[in-house]
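Summary of structural features
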Amino acid sequence: GTSFSVVLPLTLAVTQAVLVRAGSQTYAITSSLVEQAQEMRPEVLSAVYAVGALDWQGITYPFHYLPHLLGARDAVPEIHRSNSVLLLRSGAQRIAVHADQVMKNQEVVLKGLGPQLSRVTGITGATVLGNGQVILIINPVPMALRAGLATPSAPAASARMVTEQAPAPLV
């Protein structure tokens, strides 16, 4: 005498995304935006910050620190022995983004944000990870192109060196 009802959404979007950490927050960037993921030594990264652009295969990418694009203008880049830089392309626009950490590539279910947040520049949607954490799926390219951020981020006055630690074991 027991019955179960399973309600499924009419549309379900599943996409590959790159999980990145910017400060203490985790974000997802759709894999289709990523042209190249690079690892840079601290001295190379400092030179890129000084120039404000990154050249790759004859193309110049304006260079930005991801937390600055997300509104944390006072955030200071973490400098590791190996630093993650993503080269992104959305349409004809390209940018290079320094993230504090590129975590992994994974398949995510894209959930819409609703009418309240649908017009926020650069936010594509949200997803829920297996551990229950809700993260935003972002497109940093329009964030970089909006008013006031058309020029590359200024180089950090003082970047902090972070010692790399082994990740905490997961059960």
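In this numbering scheme, every chain counts its residues from 1 along its sequence in written order. Totals for whole chains, interfaces and linings use all residues, but because this is a predicted model, local features are given only for residues with pLDDT of at least 70 and pairs of side-chain atoms are given and counted only at 80 or more. To get the side-chain values, all heavy atoms of the structure are used, and hydrogens and water are removed first.

**Some details on the sheet that holds strand E11 (residues 134-138)**
Across a sheet, strands are paired by hydrogen bonds formed along the backbone, either parallel or antiparallel in direction. As summarised here, the arrangement of the five strands in space is E9-E1-E2-E11-E10, forming an open sheet in which the pairing is mixed. At either margin of the open sheet sits one strand with a lone partner, and together these are strand E9 (101-110) and strand E10 (123-128). Between one strand axis and the next, the sheet turns by 35 degrees as a mean value, whatever way the strands run. Of the strand pairs in this sheet, E10 and E11 are connected by five bridges, and their pairing is antiparallel. Along E11, the bridge assignment pairs Val128 with Val134. For two strands to be treated as a pair, DSSP must find no fewer than two bridges joining them. The helix and strand labels rest on DSSP assignments: H or I over at least four residues marks a helix, E over at least two residues marks a strand, and numbering proceeds from the N terminus. Note on definitions: angles span 0 to 180 degrees between N-to-C directions of axes, and those axes are lines fitted to C-alpha atoms, for helices only across the stretch in contact.

**Quick notes on the sheet that holds strand E7 (residues 83-90)**
Strand order in the open sheet formed by five strands is E3-E7-E8-E5-E4, and the pairing between neighbours is mixed. Edge positions in the sheet fall to strand E3 (34-40) and strand E4 (53-56), since each has one partner strand and no second. Within this sheet the neighbouring strands show an average axis-to-axis angle of 30 degrees, counted without direction. Bridge count for E4 against strand E5 (residues 59-65) is four bridges, and the pairing is antiparallel. Bridge assignment links Asp55 to a residue of E5, and that residue is Thr60.

**Describing helix H1 (residues 42-51)**
In this scheme, a residue with accessible area under 20% of its type's maximum is buried, one over 50% is exposed, and one in between is partly exposed, where area comes from a 1.4 Å probe on protein chains only. Those residues of H1 lying buried are Leu45, Val48 and Tyr49. Viewed along the axis of H1, the buried residues span an arc of 100 degrees, placing them on a single side of the element. Along H1, exposed side chains directed more than 90 degrees from the buried face belong to Ala50 and Val51. Any two residues having at least one pair of non-hydrogen atoms within 4.5 Å are treated as being in contact. Contacts made by the buried residues of H1 are with E3, E4, E5, strand E6 (78-79), E7 and strand E8 (93-99). This arc is built from the directions going out from the helix axis to the C-beta atoms.

**Overview of unusual backbone geometry**
Of note, Gln57 is a non-glycine position whose phi angle comes to about 50 degrees, a positive value. Along the chain, the position of Gln57 falls in the loop between E4 and E5.

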